[in-house]
Amino acid sequence: MAPSKKSSVKQSEGGNSEISYKKRINTKTELLLQSRRHANDIFDVLEYLQSEKEKEVIFAINACQKIFCALLERGDLYVGQLPSEEEMVEGDRDADEKYHIFIRHRYSNCVELLLDNIGHEVFQVKEAALTALMKFAAAEGQHPLQKLEFSNHYNFPLELILVIVRCLLSGTEDMALLISRFQEFLEMDDVRYYVMSSIRDTITRVMDRNKRAVMPVFQNNVFTLLTNITIPSQSAEINNFLIRQEGKSPLLFTFEQTWLTFLKYKLPGNMYKKVLVILHDSILPHMNDPTLMIDFLSAAYSVGGAVSLLALNGLFVLIHQHNLDYPDFYKKLYNLLDPSVFHVKYRARFFHLANIFLSSSHLPVYLVAAFVKRLSRLALTAPPTGLLIVLPFICNLIRRHPSCRVLIHRPSAADELCNDPYVMDEEDPAKCHALESSLWELKTLQSHYHPDVAKAAKAVNQPLPGLEDDLSKLLELTTFELMERDLKSQSLAVPLEFDPAGGLLKSAKEVLGVHFSLE
Amino acid sequence: NSSRKEGPAKALLHKATSSQIKNNAFEVKINRKKFDVLGRKSKHDVGLPGVSRSKAINKRKDTLLKEFRLKNKANKFVDRRFGEYDTKMAPEDKILQRFALERQRTQAKKDIYNLNEEEELTHYGQSLAEIEKLTDMVDSDSDSDEKGLLSAELTASNFGGGGGLLRKKRPGENDEDESQKHKSRQELIEELILKSKQEKRERQSQKEEAQELTEKLDQEWKSIQNLLVHKTPKAERMEEPEKPKLDDYDVMVRELGFEMKAQPSEKLKTPEELAKEERERLQKLEADRLKRMLGDVEENATQKQSHLSADDLNDGFILDNDDRKTLSYKDGKWNSDGGEEEGQEGEEGTGGEEEEDDEDGEDDGSGVDDEDDEEEEDEGEGGHSDLDSDQASGAEDEEEEENDEGEEEAAKAKPALSEEERKAMQEAAKAELPYTFAAPESFSDLKALLDGHSAEKQRLIVERIQKCNHPSLAAGNKAKLEKLFGFLLEYVGELAMRTPPELATVNIFIPQVYALCQLFPAAAHKVMQSLLGDSAHSMEESIEVKGRAAFPGLDMMIYLKIVALLFPTSDFRHPVTTPAFVYISQALTKCPVTSLESLSAGLVLCSLAVEFVSLSQRFVPELINFLLGLLHMAVPADTLVPPFKQQGKASKLLLLSDAEASNSWSRKAIPLTSVHRVTASTDLEKDHYRLSVLHTCLDLVKRCTLLYRQLPSYVQIFQPVRTLLAKHLPVQSYPSSLQELHREILEAIPETPSKHAPLVFEKKKPIPLKLLEPKIVLDYGKKRGNTKEERERERLKHKYKKEFKGALRELRKDTRFLAQAKLSDIMSRDAERKRKVKELYGSLATQEGEWKALRMKKRK
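Sequence positions are assigned chain by chain, starting from 1 and proceeding in written order. Written order determines the labels here, with chains lettered from A and ligands numbered from 1. Per-residue local features of the predicted model are confined to residues with pLDDT of at least 70, and side-chain atom pairs are confined, for both listing and counting, to 80 or more; whole-chain, interface and lining totals are unaffected and use all residues. No hydrogens and no water enter the side-chain calculation; it runs on all heavy atoms of the structure.

Scanning chain A from N- to C-terminus turns up 23 helices and one strand. In this scheme, a residue with accessible area under 20% of its type's maximum is buried, one over 50% is exposed, and one in between is partly exposed, where area comes from a 1.4 Å probe on protein chains only. Looking at chain A residue by residue over its 519 residues, the buried ones come to 54%. Sequence-distant contacts, at least 24 apart, represent 73% of the contacts inside chain A between residues at least 6 apart. Per element, the accessible surface of chain A, about 23800 Å² overall, is 52% carbon and sulfur. Every helix listed is a DSSP run of H or I at least four residues long, and every strand listed is a run of E at least two residues long, numbered separately from the N terminus. In this description, contact between two residues means that some pair of their heavy atoms is separated by no more than 4.5 Å. In these tables, accessible area is a Shrake-Rupley quantity obtained with a 1.4 Å probe, and a residue counts as shielded only by the protein chains included in the view.

Below is the structure:
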């Protein structure tokens, strides 16, 4: 009596099917719920779940949800180890029991079909299927389908959740939208808990099956789902379980384990960055033992480039709060400085952290001087927003370490011309001779085209005033904001070009017209 | 009387002995000084109390005592005899002199030649004989007597007095004397005053009367004279010989008077007036055009036709021209001659290209003699519309009309206009540009106005809008034109974004945009700012969402170029150019180069950046970075610079597909349109395009090396470029001009960095040491005025006090002196009385003694 056998039931017959399928499904649903005699009508309803028209499918899903929730409520589903349908016929059971077994089988059919529908291409269908499944899960929780040995045993439709999670963590399709829909269920602590353990299972299973190769879509889905799991800040709040239970919550432990499992495998590049971006404020604080992340972070830090920049943040938390001792930390930090720091998206974060790392007054002078010199050298290629960060940054460093002042003020050798002794390519800050150099780069930047930058660079012409510049406002400065400063300032008189313009490419200082023509 | 007379004060005060006094130790009082102040000269260290006292006493005697004596006296006696108060004169001399004077005076008055008369009886020095005549000698006509003041003669004559001495009195004494007299005869004097006033009044009225009479007489005479002139010309002629002489002069004077001296000419017209005239003219032309469009020309045209038939060439142009004449030459300047018309006709015939030339050589083009100055000025301002009027509906019409109407025009040569012709004319009028335009209220309005016209015409339209809405013509025009600027820019942007971009039209609009900007800088900068801001904002948004943004479109490039044309890019901070810089920088750092088009766009921005800083030589890091990034694309090795990202195929965008392409390449400018679409389709064309891009790129790098040569980090900045060019760039496959550029750049960048002096702080002015002097409080807490006013006040107070004290002392001395004087008076009076009493007693005693002696004698 599998649904496939009943293929004779037609999904659509031309124009009037629009109304007819609704009516038919509705009547069948009512009939089903009215008496057991119409139990076979359920096949018709299930048939609709496979329909090609999404409207019908959605309608059918809703109907199924209604039917089975009601049936679960009534206790019409067979409880316990489900005998197969063949056994059911053989065994000597009364009609009531047979009916229950029959309904239970249809229920599992329905669940299968719904899981199939989660993979449907239309989002509405997916969404409906997902909500229906979650409704089932909730109903099952109330009316467990397993026999309970102990009356007050905690019970949760673990298997159902597991299959749902497996579906969500598809290896072929980006489920981000559906996962964001799923987020509303993750509000519940128990759901969160079981979902996490299911994720862990799934990861291990899937990754092992794929021989630890990178699976971007799958990992992306896992990441999305994981990031949607928010851990309440206080553990006292973690009692919002669907089913109440006394005792300690294993939530944090599971959370930690899940992340560790996830990070254990090789990640694709952008995933790496994504993880690192959220690591310090949504993962580390909720871990029982953040030091477990040390391996991951130090690996990331040695990757280089943007990834290293991002790993800095997590490392900082570990160093700062968990006494992590990282060898050659500053040397690595020094080598992180390359022209790209001014162009990456995480520029603000990097300078914020660098500011913290270099805030200690116990750092050796050569190191600070090396940082200062390198930054100012790099500033020669930086955009104005970057320059507005790095120039006050350099000034702050010199303020903190007065012995670095020789970089901008060396009266002892004021008249001797010299080459820049600084070695840009040297990796070791101790050997780059930064302290013997001068910041000619800042002198260059004094003729920068942007007035604010030029002004900031001119600060080194005079002895620096005692107070440090506040970097926090400059860190997030965007180019447009920089532009707005000038756009919004109400200037009284606007100077005009006095040279009359005769044509587009006919000015006194024409450069564009030399290379381009007006066609 | 004589007892009261004061003798001359005794001035013989030890004049010869003053030195003796000074040397006399008893006379001298030395004022002891409490402190000896160096350098101070004191006048009062030595005093002569005796001398000064006697001086004071003498002074009092002269003044105070006199006053005292004259106290309560109503009058006083002044002796005016000669030498009365002269102490030096001996009494005998005085008498002699007086006598001599007396004689002289009596004689001086007399006729000196009258030798007979020895003596005349006088009364107070005047002969009695004359007085007896009682002739009024007073010069009643004299106007000099003033306001009731009586002349001495008058009083003398009227009152028979005043004394002989009266005339010799000094004026001050005279007054005194008189007042005393007046006091005694108050009423008399008042009477006298009244009299004199009356006299004066009478005199005045007499004078007036006399004047009136003479005037009257004059008038009467004139009336009679007229009669005389008419009646007796001969009598006149008698006088004429004199008259012509007068006339000559008169004529001369009159001529000079009426000569055309600097007659107030027509005042120079203000821009408002000019604009108003211009608008009126345009309105008139527009009205004519409308008329023609409605077909009201017929009668006029036929009439004129008959007039001009002599010059008619029958080629149809005349007719056309003719009717234009009716529409546009009300001022009649076109009537001058037909030959010129023909000449112009010929010009028109040559077509629209000449139009521009005509505009340039405005004055000769218009070349009509009786055109007045202002008109020419108008033309100077913007001659296109004038040109139209001159050439009667202008060359543009010609372009359009001529072809379709060629046949019809021949027919028009006939005197009457047929219906079709009229229709054709109406159409022509429709095709012609209107002369007045309302300022567009929205961008779509402007677009509707401009759409479908040629570039030149579009410019004309904009120009006319500008003229018709000159800010001085109406209140709202300023706002309208300000809006027009915005719309025009928007339109320029739209032109640039069309496919294909109509950059030639944009080019033509530039002078208009410039002019408008000069008129309304505030509005212009607002518009530019908002354009830049909007574009930058959208770019920023796109960067935030997608992490990158496409290069801005050609419209933004054009806007940036216009910014450079309208505003000075060399300003340190400028409300428009600084954001424009930031905009360029943003585009150069955030927009990835992924296609041939974006290469072009990037290079346009780079050229603009170089142009922007060409004067100020400011450092633009993004520019060099971007150029370096582009050059990396031409290198087969897999390298890049930070803002550029690994993008697979795109990172080798400038690599030549075939080295052979460089042989057939010749340098020519890249069209601006390549920002939107590169036309190259074949590999060869693409390679040519790449070579052009490379050429531009290298040239810009070269310009940068020249610009930034002075920067201290010059070598550090260009080192990556040098390394790339020297080691990686496949120069050999490039054409020679590129190789040349490449070599020049390498030469411009030295391999070893140049030497610089280490940085030191700018030398500050030495701050003067703090002076730690004790604070000195001069007056020990006493508040003393420090301001000028207060000090002055203080000084005056002190002076007042001193003066007050002095005055008090003097008063005291005065009273003491007076008391002494009174006492001495009393004493002397008493002494006199005692003496007299003594005398009396003495005489009585002698009388008694005599009497007793007599009685003794009798007894005896």
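So, about the confidence of the model for chain A. Across chain A, the average pLDDT comes to 74, with 78% of residues at or above 70. In this model, residues 243-248 of chain A is a region of pLDDT below 50 whose contacts with residues beyond four sequence positions or in other chains number seven contacts. Note on scores: pLDDT gives the predictor's confidence for each residue, bounded by 0 and 100.

Residue and element names in this part refer to chain A. Summarising the element assignment, Arg 400 is placed in helix 18 (residues 384-400). Exposure remark for Arg 400: the relative accessible area of 17% places this residue in the buried category. In protein, a polar contact requires one atom able to donate a hydrogen and another able to accept it; more generally it is a pair of N or O atoms within 3.5 Å, and residues adjacent in sequence count only if both atoms are side-chain atoms. For Arg 400, the side chain forms a polar contact with the main-chain oxygen of Leu 358, separated by 3.3 Å. Ignoring any residue separated from it by four or fewer positions in sequence, one finds Arg 400 in contact with Asn 355, Leu 358, Ser 359 and Glu 468.

In this section: the packing of helix 21 (residues 455-468) of chain B against helix 23 (residues 503-519) of chain B. Residue and element names in this part refer to chain B. The interhelical angle for the contact between helix 21 and helix 23, taken along N-to-C directions, is 15 degrees, at an axis separation of 8 Å. Between helix 21 and helix 23, the interaxial angle falls into the category roughly parallel. Crossing geometry of helix 21 relative to helix 23 is assigned as right-handed. The segment helix 21 lies against helix 23, with Ala 455, Glu 456, Gln 458, Arg 459, Val 462, Glu 463 and Gln 466 engaging Thr 505, Ile 508, Phe 509, Gln 512, Ala 515, Leu 516 and Leu 519. Axis definition: a line fit to C-alpha positions, over the contact stretch in the case of helices; interaxial angles, taken between N-to-C directions, run 0 to 180 degrees. Put simply, angles under 35 degrees are roughly parallel, angles over 145 are roughly antiparallel, angles from 65 to 115 are roughly perpendicular, and the rest are oblique. The sense of a crossing depends on the near helix, which, turned anticlockwise from the far helix by less than a right angle, makes the crossing left-handed and, turned clockwise, makes it right-handed.

This part is about the UniProt feature "transmembrane region" (unreviewed entry) in chain A. Residue and element names in this part refer to chain A. UniProt positions are given in the numbering used here, feature names are shortened, and annotations may be inferred rather than shown by experiment. Mapped onto this structure's residue numbering, the UniProt feature "transmembrane region" (unreviewed entry) falls at residues 296-319, 350-372 and 378-398. For residues 296-319, the helix share is 83%, the strand share is 0%, and the end-to-end C-alpha distance is 14 Å. A helix fraction of 76% and a strand fraction of 0% characterise residues 378-398, whose end C-alpha atoms lie 17 Å from each other.

The next point concerns the interface of chain B and chain A. How big an interface is tends to be expressed through the accessible area that disappears when the partners come together. Across the boundary between the two partners, chain B contributes 82 residues, which contact 73 residues of chain A. Buried area is calculated as the accessible area (1.4 Å probe) missing from two parts once they are joined, with the contributions of both summed. Among the residues of chain B in contact with chain A, Pro 758, Leu 759 and Phe 761 of chain B are the three that bury the most area, contributing 12% of the side total. We define a salt bridge as a contact between a side-chain nitrogen of Lys or Arg and a carboxyl oxygen of Asp or Glu at a distance within 4 Å. Inspection of the chain B/chain A interface yields zero salt bridges. Here chain B and chain A share twelve residue pairs in polar contact (both at pLDDT 80 or more) between them.

Attention now moves to the environment of Lys 266 of chain A. Within the secondary structure, Lys 266 of chain A sits in the loop between helix 11 (251-264) and helix 12 (269-283). Separated by 59 residues in the primary sequence, Lys 266 of chain A and Met 207 of chain A have C-alpha atoms spaced 9.8 Å apart.

We now examine the packing of helix 28 (residues 621-633) of chain B against helix 30 (residues 683-707) of chain B. Residue and element names in this part refer to chain B. Two elements in contact, helix 28 and helix 30, have axes whose closest approach is 10 Å; the angle formed by their N-to-C orientations is 145 degrees. Like other packed secondary-structure pairs, helix 28 and helix 30 cross with a definite hand, here left-handed. Contacts between helix 28 and helix 30 pair Leu 623, Ile 624, Leu 627, Leu 630 and Leu 631 from the former with Leu 694, Cys 697, Leu 698, Leu 700, Val 701 and Cys 704 from the latter. For this scheme, ten residues count as nonpolar: Ala, Val, Leu, Ile, Met, Phe, Trp, Tyr, Cys and Pro. Four count as charged, namely Asp, Glu, Lys and Arg, and the remainder, Gly too, count as polar. Here the contact of helix 28 with helix 30 is built from residues that sort into eleven nonpolar, no polar and no charged.

Attention shifts here to unusual backbone geometry. Residue and element names in this part refer to chain B. Non-glycine residue Asn 72 carries a positive phi angle of around 60 degrees. As for its position among the elements, Asn 72 is in the loop between helix 2 (49-69) and helix 3 (91-109). Within the chain, Gln 617 stands out as a residue other than glycine whose phi angle is a positive 55 degrees. For Gln 617, the position within the fold is in the loop between helix 27 (596-613) and helix 28.

For the rest of this paragraph, the subject is the confidence of the model for chain B. All names here are of chain B. Within chain B, residue pLDDT values average 72, and 67% of them lie at 70 or more. For chain B, helix 15 (residues 362-366) is the element with the lowest average pLDDT, namely 39, and helix 33 (residues 788-859) is the one with the highest, namely 93. In the model, residues 1-14 has pLDDT below 50 throughout and makes eleven contacts with residues more than four positions away in sequence or in other chains. Within the model, the stretch residues 295-416 combines pLDDT values under 50 with 167 contacts to residues more than four positions away or in other chains. For this predicted complex, the interface score ipTM comes out at 0.71, while the overall pTM is 0.56.

A full pass over the atoms with the stated rule returns 30 salt bridges over all chains. Lys 447 of chain B is the partner of Glu 494 of chain B in a salt bridge, and the nearest nitrogen-oxygen pair spans 3.0 Å. Taken together, the residues Glu 494 of chain B in helix 22 (residues 477-497) and Lys 447 of chain B in helix 20 (residues 443-450) connect sequence positions 47 residues apart. Between Arg 835 of chain B and Glu 839 of chain B there is a salt bridge, with the nearest N and O atoms lying 3.0 Å from each other. Linking Arg 835 of chain B with Glu 839 of chain B, this pair stays in helix 33, spanning four residues, or about one helical turn. Given the relative accessible area of 38%, Arg 835 of chain B is considered partly exposed. What you see here is one network of salt bridges that share partners, running through Lys 373, Arg 377, Asp 420 and Glu 441 of chain A.

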